[in-house]
Amino acid sequence: MILWVVLSACIVMVTMFTKWLIGKQTVGNYGDRYVLITGCNSGFGNLLAKRLDSLGFNVFAACHSDNGVDELNAATSKRLVTLKLEIADESSIRSAVEFVKSRIPDGTGLWALINNAGTAASLGPVDWLERQDYASALDVNLLGLVDITRSFLPLLREGQGRVVNMSSILTKVGMGPSPYVVSKYAVEGFSDCLRLELFRQGVSVIVLQPGFYRTNFLPVETMVVKYKQSFRHAHQDVQTFYGEEYLEKALKHCHDIDSMTSSDLSQVTRAYVHAVTARFPRARYIVGRDANIMFRVLWILPLWMKDRLLALHYIKPEGTQKNGQSANGGIPS
Ligand SMILES: NC(=O)c1ccc[n+]([C@@H]2O[C@H](COP(=O)([O-])OP(=O)(O)OC[C@H]3O[C@@H](n4cnc5c(N)ncnc54)[C@H](OP(=O)(O)O)[C@@H]3O)[C@@H](O)[C@H]2O)c1
């Protein structure tokens, strides 16, 4: 019995050590590799551009607006090149392809395309929202990402490179603002299909699933404004059904969510850097303490239990209570 326990422990340790050793191997020759990162004027994209530049990569940092571009240029080497990119605009993507192509030596190709740009889009329950709220989220987070990936595939094949797509841990539990979550689920689906399609073409596809981090993405003030906007835009009957008290509680909830965010953005950039530099990158990186502990527990629970636990934190609309409707949302009592 003791022999079996010792043997099993040895096997686990050897497996973990081998995994660690494999994960440590890098591709090297960073100075000969070209990478394109989207969404670089702030947040993770901005930090990653600086980090990959400091490692010696040739970085194309695509920025949506001029915010942060001067700071990025000042903080990086002359190798780093910034370009303007509106990911929801096909002609902007075409210009980006021409721009990058003209600056990469013939026969080199692109080593990594990092699809980092994203929008939080509109917030609020589904009946506060309109078709356009979903369309805007999908336009940037999904269609823009798909278009840019398709457009850079020839260069990625030439460089035998990798596509790194930014998703979210929310796709593991299916909660959050539905336009955003739907768009990130779609990113996961696209990435899975693409990974298999490119498997025998020498291009890898990697997905990052971070938890909550404090960036410019969704500061609490913006969250509050977006919630109020969606509520006021909703049909009068819907507003009456939810009631002002619901809105107040929802706004308080925004502050609760904000207090859960981590300020250690380096956890995400480290995962990005591993995805770009590792000889054997992982297919998925789950990043953050919240993602690896709280969310991990939630997604291994049976669905009925997970829903029941999470629903405890969902606010009941005023109309639900007045009409004596079931607040269980189809969850068995
Ligand atoms: N922060 C989090 O907790 C968290 C968690 C999981 C996943 N993520 C994902 O991480 C990625 C980066 O977000 P972040 O947290 O670093 O926030 P961020 O600082 O707001 O970065 C998002 C970047 O995307 C750019 N962008 C937005 N719409 C664009 C468009 N139409 N075309 C081109 N670029 C566009 C933004 O530029 P402008 O600001 O100029 O619009 C910004 O530079 C996003 O995909 C987000 O979904 C974030």
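What you see is a predicted model, and the numbers here were worked out from it, not measured in a lab.

Caption draft 1: Just a negative patch on the surface, in detail. Taken together, the side chains of E86, D89, E90 and D139 present a region of like negative charge at the surface. Among the secondary structure elements, D89 is positioned in the loop between strand 3 (81-84) and helix 4 (90-103). Residue classification places D89 among the partly exposed positions, given a relative accessible area of 31%.

Caption draft 2: Examining the packing of helix 4 against helix 5 (residues 131-159) more closely. At a minimum axis distance of 10 Å, the contact between helix 4 and helix 5 shows a crossing angle of 30 degrees. Considering the angle they form, helix 4 stands roughly parallel to helix 5. The handedness of the crossing between helix 4 and helix 5 comes out as right-handed. Listed contacts from helix 5 to E90, I93, A96, V97, V100 and K101 of helix 4 are G144, D147, I148, S151, F152 and L155. Among the residues forming the contact of helix 4 with helix 5, the class breakdown is seven nonpolar, two polar and three charged.

Caption draft 3: Molecular detail of the packing of helix 5 against helix 7 (residues 178-198). At a minimum axis distance of 8 Å, the contact between helix 5 and helix 7 shows a crossing angle of 20 degrees. As the angle between them shows, helix 5 and helix 7 are arranged roughly parallel. Here helix 5 and helix 7 pass one another in a crossing that is right-handed. Residues D133, Y134, A137, L138, N141, L142, L145, V146, T149, L153 and R157 of helix 5 touch helix 7, and the partners they reach there are S178, P179, Y180, V182, S183, K184, A186, V187, F190, L194 and L198. For the contact of helix 5 with helix 7, a count of residues per class yields 15 nonpolar, four polar and three charged.

Caption draft 4: Looking closely at the site of the ligand. Taken together, 25 residues lie near the ligand, and H64, E86, Y180, Y213 and T215 sit nearest. Taking S42, its side chain carries an N or O atom lying 2.7 Å from an oxygen atom of the ligand. In this structure, an oxygen atom belonging to the ligand sits 2.8 Å away from a main-chain N or O atom of N116. Notes on the ligand: free accessible area 880 Å², of which the protein chains cover 90%. Going through the elements one at a time, helix 2 (43-54) and helix 7 are the ones with two or more residues in the shell around the ligand. Grouping the amino acids of the shell around the ligand by side-chain chemistry returns 11 nonpolar, 12 polar and two charged.

Caption draft 5: Local environment of the domain arrangement of the protein chain. The domain boundaries assigned to the protein chain delineate domain 1 (29-213 + 262-300) and domain 2 (216-261 + 312-333). Of note, the centres of domain 1 and domain 2, computed from C-alpha atoms alone, are 30 Å apart. Tallying the contact residues gives 20 residues for domain 1 and 17 residues for domain 2. At the boundary of domain 1 with domain 2, total buried surface from both sides reaches about 1,600 Å², with 68% on carbon and sulfur atoms.

Caption draft 6: Fine view of the environment of T119. With respect to the helices and strands, the residue T119 is situated in the loop between strand 4 (112-115) and helix 5. We classify T119 as partly exposed; its relative accessible area is 23%. Separated by 64 residues in the primary sequence, T119 and S183 have C-alpha atoms spaced 9.8 Å apart. Setting aside chain neighbours within four positions, we find T119 in contact with S136, A137, V140, N141, Y180 and F217. There is a polar contact of 3.2 Å between the side chain of T119 and the backbone nitrogen of A121.

Caption draft 7: A look at unusual backbone geometry. With a phi angle near 45 degrees, N29 is a residue other than glycine that sits in the positive phi range. With respect to the helices and strands, N29 occurs in the loop between helix 1 (2-24) and strand 1 (34-37). Here N29 falls in the exposed class, since its relative accessible area comes to 55%. For Q160, which is not glycine, the phi torsion reads 45 degrees and is therefore positive. With respect to the helices and strands, the residue Q160 is situated in the loop between helix 5 and strand 5 (162-166). What makes Q160 partly exposed here is its relative accessible area of 41%.

Caption draft 8: Highlighting the side chain of K184. Considering the arrangement of structural elements, one finds K184 in helix 7. Despite its burial, K184 remains without a salt bridge, the nearest opposite charge being carried by E188 at 8.7 Å. One polar contact links the side chain of K184 to the main-chain carbonyl oxygen of M166, over a distance of 3.1 Å. The contacts of K184, once residues within four sequence positions are left out, are N141, M166, S167, S168 and T171.

Criteria and thresholds
Residues numbered from 1 in each chain as written. Predicted model: local features only at pLDDT ≥ 70, side-chain atom pairs only at ≥ 80, totals over all residues. Heavy atoms only, no water. Patch = residues over 30% accessible without salt bridge, like charges linked within 9 Å, V, L, I, M, F, W, Y side chains within 5 Å. Areas by Shrake-Rupley, 256 points an atom, 1.4 Å probe, with all protein chains shown as cover. Salt bridge = Lys/Arg side-chain N within 4 Å of Asp/Glu carboxyl O. Lys, Arg positive; Asp, Glu negative; His and termini not counted. Charge placed at Lys NZ, Arg CZ, Asp CG, Glu CD. Helix = DSSP H or I, 4+ residues; strand = E, 2+ residues; numbered from the N terminus. Buried < 20%, exposed > 50% of the residue type's maximum accessible area, 1.4 Å probe, protein only. Axes fitted to C-alpha atoms, helices over the stretch in contact; angles between N-to-C directions. Parallel < 35°, antiparallel > 145°, perpendicular 65-115°, else oblique. Left-handed = near helix turned anticlockwise from the far one by under 90°. Contact = heavy atoms within 4.5 Å. Nonpolar A, V, L, I, M, F, W, Y, C, P; charged D, E, K, R; others polar. Near = heavy atom within 4 Å. Polar contact = N/O pair within 3.5 Å; in protein donor to acceptor, adjacent residues only side chain to side chain. Domains from an automatic or database assignment. Buried area = accessible area lost by both parts, 1.4 Å probe.

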